[in-house]
Amino acid sequence: MSTSQQPIGGTLGTEVVPVAPGVNLLRAAIILLAFAMAAAVPIAFASSYQLFQLTLAGTYAIAILGLNIVTGFNGQISLGHGAFYAVGAYTTAILMTHFDMPYWETLPIAAVVCGVLGFGVGFPALRLGGLYLALTTFSLAVAVPQILKYRGVEDWTGGVQGTFLVKPDAPEFTGLNNDQYLYLFVLTLAALLFLMMANLLHSRIGRAMRSIRDHPTAAEAMGMDIARIKTRTFALSAGITGLAGALSAIAVEYVAPDSFNVELSINLFVGMVVGGVGSIVGPIFGGLFIVFLPNVAESVSRAAPGVIYGVILIFFLYLLPQGFAGFPRRIAALFRKRRQD
Amino acid sequence: MSGVALLEVSNIVVRFGGVTAVGGVSFAVDDQQICGLIGPNGAGKTTLFNCISGIYQPNEGDIRFRGEMVTGQPRHRMIGLGIGRTFQNLALFRSLSVRDNVLAGAHHLGRAGFIACGLHLPWVGREAARLDAEAQRLMAMLDLTAVAEVPVASLPFGTQKRVEMARALIGQPRLLLLDEPAAGLNHGEVDELAGLLRRVREGFNLSILLVEHHMNLVMNVSDKVVALDFGRKIADGTPHDVRNDPDVIAAYLGEAPHERAA
Ligand SMILES: Nc1ncnc2c1ncn2[C@@H]1O[C@H](COP(=O)(O)OP(=O)(O)OP(=O)(O)O)[C@@H](O)[C@H]1O
Ligand SMILES: [Mg+2]
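Calculation criteria
- Residues numbered from 1 in each chain as written.
- Chains lettered and ligands numbered in written order.
- Predicted model: local features only at pLDDT ≥ 70, side-chain atom pairs only at ≥ 80, totals over all residues.
- Heavy atoms only, no water.
- Helix = DSSP H or I, 4+ residues; strand = E, 2+ residues; numbered from the N terminus.
- Buried < 20%, exposed > 50% of the residue type's maximum accessible area, 1.4 Å probe, protein only.
- Polar contact = N/O pair within 3.5 Å; in protein donor to acceptor, adjacent residues only side chain to side chain.
- Contact = heavy atoms within 4.5 Å.
- Pairing = 2+ DSSP bridges.
- Near = heavy atom within 4 Å.
- Areas by Shrake-Rupley, 256 points an atom, 1.4 Å probe, with all protein chains shown as cover.
- Nonpolar A, V, L, I, M, F, W, Y, C, P; charged D, E, K, R; others polar.
- Buried area = accessible area lost by both parts, 1.4 Å probe.
- Salt bridge = Lys/Arg side-chain N within 4 Å of Asp/Glu carboxyl O.
- Expected span 1.5 Å × (residues − 1).
- Domains from an automatic or database assignment.
- pLDDT = per-residue confidence, 0-100.
- Axes fitted to C-alpha atoms, helices over the stretch in contact; angles between N-to-C directions.
- Parallel < 35°, antiparallel > 145°, perpendicular 65-115°, else oblique.

*Asks:* For this particular structure, what's the right way to read unusual backbone geometry?
*Replies:* Backbone phi values are negative for most residues with the exception of glycine, while trans is the configuration of most peptide bonds. Residues and elements named next belong to chain B. The backbone of R66 shows a phi angle near 50°, a positive value even though the residue is not glycine. One can find R66 in the loop between β4 (60-65) and β5 (68-69). In this structure, D143 is a non-glycine residue whose phi angle is positive, near 60°. Among the secondary structure elements, D143 is positioned in the loop between α5 (122-141) and α6 (157-169). D143 gets classed as exposed once you look at its relative accessible area, which sits at 60%.

Quick look at the structure:
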C-alpha cells in the first residue's frame, strides 16, 4: 500500500543525482535545442513586458541555482540569500552610476563582492553548524534593507529613494531591441552558469559536497576538509546569487531597499523547493514560479491573492513533493502503480 | 626507517569524566601485519581505535605512524598520512551510487578544485577518468560491478559492507582500521571476509588493525593479537599464545585477571 511519497521536509537534499557526466550526444543536442527554443520563441513572440518578466525569471533562476548548491547539495539551510541578491544589485548600481562602468564589467565584481561576503558570513556560521547558518543568514536578510537606507551611505545607495540605472543598449549587429537583447544576455549567462554548476556537481567537489551532507564523519575519514568545503561552497553560492542580483538591477533599471526585504529571501527559498531541492534544472522552474505565480493568484482573486498563492503552493507541494524536477519520476511511479493494481 | 614499526601506540590514556576507558596502552603494528585487537565489552577497543583514527584525542600518550605524530592532527588529514578505516555501523553516503561512494574514498588523491571542476578543464577529465578506472577495478574485485549505479542505501547489508571496503581501499591506505567488520555477517560471509582480508594485505601492501568480537576470525587471520580488559593491555602475542593466556581466559570468563586482584 505504501507509496514512495515522502514528507516535504524529508526531500530536502536527498535527491540522487544521475551519474555519467560523459558527453552524451543526444543529451547535448536536447540541451542545445531547448536553449535555441528558449531564445527564439520569446524574442519572436513575447511583448516587451513579457520579455522583462522572463528576464527577471532568469535572474531568479540564477539566484536559486546559487541557493540550491548550499541547500540541495551541501545540506545547509540559508534563509537569507536575498541579502546577497541585494548586495549584488547595489554593487552594480553603484559601479554603473558612480564609476560609469559598463554593465558587463560590473558583473564579475558583484559576484566577487558577494562571494567574499558569503565567505565572511559562512566562515563562522558554518563552524557552529546546524541551524546557525539559517539564523545568521536570516538576520542578514533582515538587516540589509535597513543598512541600505542608512543615512551615512545615502550618497552611494540613494537611501530610501534608491537609484535609477540606464538599461544597456543592444549592440547594433544583433538587430535586437534592448529588451530582447537583455533577455538573450541573461539567458546565455544563465545557460553558462547552469553548465558550470552541472560540471562542478559531477566532479570530485560536488561529490564531496554531497558526501558531507550525507555523513560528515565518514566524509572526514575520506580526507574531506568539511569546514573548508562548506565555506567555499557557501561563498560560491553567495557569489552566484549576487551575480543574479546584479543582472536584476540592470533589468529593472532601478534599485531600492524595499525591493530586497525578507520576502525576497523567502521567495527564493520557495522557488528552490518548488523547482526541486538538489536538482540542477529545478531552479529554472523555481524562477518562473516566483515571477508568474503571483500573477496567476491575482487573476483568480483580486481581494486575497495571498490566500490563493498559499493554496496553490500547498496543493502543488502535495502533488509534487520533489518539485517540478521530480515530475517525470512521479509520472513514471504513477504508471507503475497502475500496472500493479 | 628500519626498525621503526608502521604504527606505534605509546602509553595511551583516555578518560571520560571519571571513567578511564583506556589506561596506558602501548603496542605496535608492523608493515603488512594483520593485528587483532580483542577484549570483552567495554574493554576500550573502540576508544583506542578512535584515537588512532583521529576521532578522539588521548589525554596522555602519543601515536606515531611511519615515525610521524598522529595525535593532534585533524581528522581529514589521516587518510593522507596513510590511515584508512571502515565503520562499526555502516557509514556510507546514502544518496550516492555505489560508484560515487567508492570514488569518494579517492577524494584525497584528486587535485581539482572548485574552479577547475566548474570549467571542466581537460586535466580534470583525465584525473577523473584515472580514478574512475581504479574504482572500476575495485568494484570488480569486490563483486560490485553489477550494482555500480545503484543508490547504496537500497542494497543489502553485506553488499554495503563491501562498498565500505572498496571505499577504504581506493584511498591507498598503508594501515587499514576495521571496527567489527564481521558484525552482522552470516557464517559464509565471515569466511569470505577472512579470505578477503588476506588477499587485501597481499594485494594492496598494507597492514590491518582488526577490532573484532568474532574470535574465530581474529585467531584465523591475525599475525598477532593484542588483548584489552578494563582499559589495560593483558596480552600481546601470536594468536596461539594469546588464546591460551590465563589472563585472557579469565577476562572472557568474567573474572578479574589474577594480576590485578589486589
Ligand atoms: N563517549 C563516552 N563517554 C563516556 N564513556 C565512554 C564513552 N565511550 C566509551 N566509554 C566508556 O569507556 C569504556 C570503554 O568503551 P569502548 O566503547 O571503548 O569499549 P569496547 O571495547 O569497544 O566495547 P564493545 O566491545 O562493547 O564495543 C566503557 O566503560 C564505556 O562505557
Ligand atoms: Mg566497540
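*Asks:* For this particular structure, what's the right way to read the side chain of T163(A)?
*Replies:* Residues and elements named next belong to chain A. If you trace the backbone, T163 turns up in strand β1 (residues 163-164). In terms of polar contacts, T163 uses its side chain to reach the backbone carbonyl oxygen of T157, at 3.0 Å. In this structure, T163 is in contact with T97, W156, T157, G158, E253, Y254 and V255, ignoring residues within four places of it in sequence.

*Asks:* So what exactly am I meant to see when it comes to the pairing of strand β3 (residues 34-38) of chain B here?
*Replies:* The side chains of a regular strand alternate, residue by residue, between the two faces of the sheet. Residues and elements named next belong to chain B. With 5 of its 5 residues buried, β3 lies for the most part within the structure. Side chains of β3 alternate between two faces, with I34, G36 and I38 and C35 and L37 buried alike. Here 4 bridges tie β3 to strand β8 (residues 207-211), and the two strands are oriented parallel to one another. Residue pairing for β8: G36 is matched across the bridge by L210.

*Asks:* How should I be thinking about the sheet that holds strand β1 (residues 7-16) of chain B in this particular structure?
*Replies:* Hydrogen bonds between backbone groups are what pair the strands of a sheet, and the pairing can be parallel or antiparallel. All names here are of chain B. Spatial strand order, β2-β1-β4-β5: 4 strands in an open sheet with antiparallel pairing. Only two strands of the sheet have a single partner each, and these edge strands are β2 (19-29) and β5. The pairing of β1 with β2 spans 8 bridges and is classified as antiparallel. Note on β2: the bridge partner recorded for V13 is G23.

*Asks:* What is the right way to read the site of ligand 1 from this model?
*Replies:* Residues and elements named next belong to chain B. Around ligand 1, the surrounding shell holds 13 residues, and the nearest of these are G42, K45, T46, T47 and H213. In the model, an oxygen atom of ligand 1 is placed 2.7 Å from a nitrogen or oxygen of the T46 side chain. Residue T47 places a side-chain N or O atom 2.5 Å away from an oxygen atom belonging to ligand 1. Isolated, ligand 1 exposes 630 Å² of accessible area, and the fraction of that covered by the protein chains is 61%. With 3 residues, the top contributor of residues to the shell around ligand 1 is helix α1 (residues 45-52). A per-class count over the shell around ligand 1 returns 5 nonpolar, 6 polar and 2 charged.

*Asks:* Where do I start with the interface of chain B and chain A in this structure?
*Replies:* Where the parts come together, the accessible area they lose is often given as the size of the interface. Listed by partner, the interface residues are 32 residues for chain B and 30 residues for chain A. Counting the surface chain B buries against chain A, the share from its top three residues, H76(B), H107(B) and F114(B), is 28%. The interface formed by chain B and chain A contains 2 salt bridges. Its salt-bridge partner being D100(B), residue R207(A) comes within 3.0 Å of it at the nearest N-O pair. Here chain B and chain A share 10 residue pairs in polar contact (both at pLDDT 80 or more) between them. Within the residue set of the side of chain B that touches chain A, elements represented by two or more residues are α3 (98-104) and α4 (114-119) of chain B. If you tally residues by element for the side of chain B that touches chain A, the top one is α4(B), at 4 residues. Broken down by class, the residue content of the side of chain B that touches chain A amounts to 14 nonpolar, 10 polar and 8 charged.

*Asks:* Can you help me understand helix α10 (residues 226-252) of chain A in this one?
*Replies:* Given 3.6 residues to a turn, an α-helix orients residues that are three or four positions apart in the same direction. All names here are of chain A. Its 27 residues give α10 an end-to-end C-alpha distance of 39 Å, which sits within 8% of 39 Å, the value for a rise of 1.5 Å per residue. With respect to burial, α10 is a largely interior element, 22 of its 27 residues being buried. Immediately downstream of α10, the backbone of E253 shows phi near 65°, a positive value.

*Asks:* Where do I start with the domain arrangement of chain B in this structure?
*Replies:* Residue and element names in this part refer to chain B. Entries for chain B in the domain assignment read domain 1 (1-82 + 173-262) and domain 2 (94-170). Counting from both sides, the interface comprises 19 residues of domain 1 and, opposite them, 11 residues of domain 2. A buried area of about 1,000 Å², summed over both sides, lies between domain 1 and domain 2, and 76% of it is on carbon and sulfur atoms. Summed over the three residues of domain 1 that lose the most area to domain 2, namely I79, L196 and F204, the buried surface amounts to 40% of that side.

*Asks:* Hey, could you run me through the confidence of the model for chain A in this one?
*Replies:* When pLDDT is low, close inspection of the predicted coordinates is not appropriate. Of all residues in chain A, 92% attain a pLDDT of 70 or more, and the chain-wide mean is 88. Confidence drops under pLDDT 50 across residues 1-20 of chain A; counting only partners more than four residues distant or on other chains, this segment forms 35 contacts.

*Asks:* I'm lost on the pattern of salt bridges in this one. Help?
*Replies:* Oppositely charged side chains can pair when the atoms bearing their charge come close. One pass over the structure, following the stated rule, counts 16 salt bridges over all chains. Sharing partners across several salt bridges, the network here consists of K167(A), D179(A) and E253(A).

*Asks:* I keep staring at the packing of helix α2 (residues 48-73) of chain A against helix α11 (residues 262-275) of chain A and nothing clicks. Help me out?
*Replies:* Angle between the axes and distance between the axes: these two values describe a pair of packed helices. Residues and elements named next belong to chain A. The N-to-C vectors of α2 and α11 enclose an angle of 75°; their axes lie 9 Å apart at closest approach. In this view, α2 runs roughly perpendicular relative to α11, as classed from their interaxial angle. Together, Y60, A63, I64, L67, N68 and T71 of α2 and L264, L268, F269, G271 and M272 of α11 make up the contact between the two elements.

*Asks:* Looking at this model, I keep getting lost on the confidence of the model for chain B. Mind explaining?
*Replies:* Residue and element names in this part refer to chain B. Of the residues in chain B, 96% have a pLDDT of 70 or more, and the chain-wide mean is 92. Looking across chain B, the model is least confident in helix α10 (residues 246-253), with a mean pLDDT of 89, and most confident in α3, with 98. Taken as a whole, residues 257-262 scores under 50 in pLDDT and shows 9 contacts with residues more than four places along the chain or in a different chain. Both scores are available for the predicted complex, with the pTM at 0.88 and the ipTM at 0.91.

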